[in-house]
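Here is what each chain is made of, one letter per residue.
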Amino acid sequence: MSIQSNNNKPNGGGIEIGQNTIYNIVLLIVDIVLLVFKFWLTIIQEIIKIFSTRPLEHVNGKLVLITGAGHGMGKEMALQYASLGAKVLCWDVNEQTNTQTVKEIKQAGGTAHGYICNVARREEVLELATKIQKEHGFVSIVINNAGIMPCHPLLEHTEQEIRLMYDVNVVAHFWIIQAFLPAMIERNEGNIVALSSCAGLFGLANLVPYCGTKFAVRGYMAALAEELRKQNPLSKIKFTTIYPYMIDTGLCKNPHYRFPNLMKLISPKDAAASIIEAQRQGLEEAAIPRHFVGVEKVSRIIPRKAMRLVNDFLDTGVDTDKI
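Looking at an unreviewed UniProt entry, one finds the protein chain named Epidermal retinol dehydrogenase 2, with Drosophila arizonae as its source organism. As stated in UniProt under Sequence similarities (unreviewed entry), the record for the protein chain gives "Belongs to the short-chain dehydrogenases/reductases (SDR) family."

As structure tokens, then:
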């Protein structure tokens, strides 16, 4: 009796697996080719944008909320947004200075409403936000500007100082975003602007907790933008993180610099104009002056010891405010 071998029978399962493998490899190659093409196309487009004038978004008639509107950059932004036709909602913990900002806007023919709010208190923020949205409608632009800046060595900071700094400079941003972002998501429009600092790009002596808060702002804004992009690839909500250099608002009490003409203090008026331009252009990041973002990115690929030599040569920073 003869026994027939099964070795010559066609192996349908093996062929199918082989075909699937080839198909997956082809798909992977196509994906890689598309990635490379889109990657370099995007780089070329972004380089072109650097050397071209970006269109400015109109803010006329839009509701703009600014925290810390009672003085400094917050006040200047409120005045300038109002001059562009925006309706400005001024938030500040200081009733007197906030009222003065609203008064100046109205005297100049603009529209503004003042509200007293301690942004570090979540319930207070949420309650006021609900009231504002019922009374005024959709808030198109939210600017988290309020901040505090004690300047002295870490070991001289009190627990209260550090906790308050994080509450005002970082945690308050979360309460405000939680209050206003849902309406933006529902309408698929809006702008959130957060004030970080050049202290959120570079570590500085006498500003250890402050640097921590500003690096935190940089981090959460990047993460939030990515989170919304993942949730909705067609999201039109814009996030702008601002990194101002030392602004002449009184927060930076004892600045020092070796080259005053190169690293001088920036006026609140100029800083406010730069922030508004960045928001209207839809920039994701903007330093004041602008080139500081590029300097930071280049410095990350240079050995730290070498960068410290440059820092020591420039000798720019903030002295302690404790005498």
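Notes on the environment of Ala 183
Topologically, Ala 183 is positioned in helix H5 (residues 159-187). Looking at Ala 183, the relative accessible area reads 18%, which means it is buried. Those residues within four positions of Ala 183 in sequence are excluded, and the remaining contacts are Gln 133 and Phe 138.

A look at the pairing of strand S4 (residues 141-144)
Burial along S4 is two-sided: Ile 141 and Ile 143 facing one way and Val 142 and Asn 144 facing the other are all buried. Pairing of strand S1 (residues 63-67) with S4 involves three bridges; the strand directions are parallel. If you follow Val 64 over to S4, its bridge partner there is Ile 141. Here S4 pairs with strand S5 (residues 191-195) via four bridges, running parallel. Bridging across to S5, Asn 144 finds its partner in Ala 194. Regarding topology, H5 serves as the crossover connection from S4 to the parallel S5, and that connection is right-handed.

Concerning helix H3 (residues 95-107)
The end-to-end C-alpha distance of H3 is 18 Å, a good match for the 18 Å that 13 residues give at a rise of 1.5 Å each. In this fold, the buried residues of H3 make contact with helix H2 (72-83), strand S2 (87-92) and strand S3 (111-116). A side-chain oxygen of the first residue of H3 lies 3.1 Å from the backbone nitrogen of Gln 96; this N-cap is Asn 94. With its phi angle positive at about 90°, Gly 109 sits one or two positions after the end of H3.

Conventions used here
- Residues numbered from 1 in each chain as written.
- Predicted model: local features only at pLDDT ≥ 70, side-chain atom pairs only at ≥ 80, totals over all residues.
- Heavy atoms only, no water.
- UniProt positions renumbered as here; feature names shortened; annotations may be inferred.
- Helix = DSSP H or I, 4+ residues; strand = E, 2+ residues; numbered from the N terminus.
- Buried < 20%, exposed > 50% of the residue type's maximum accessible area, 1.4 Å probe, protein only.
- Contact = heavy atoms within 4.5 Å.
- Pairing = 2+ DSSP bridges.
- Right-handed = clockwise from strand over helix to strand, strands pointing away.
- Expected span 1.5 Å × (residues − 1).
- Polar contact = N/O pair within 3.5 Å; in protein donor to acceptor, adjacent residues only side chain to side chain.

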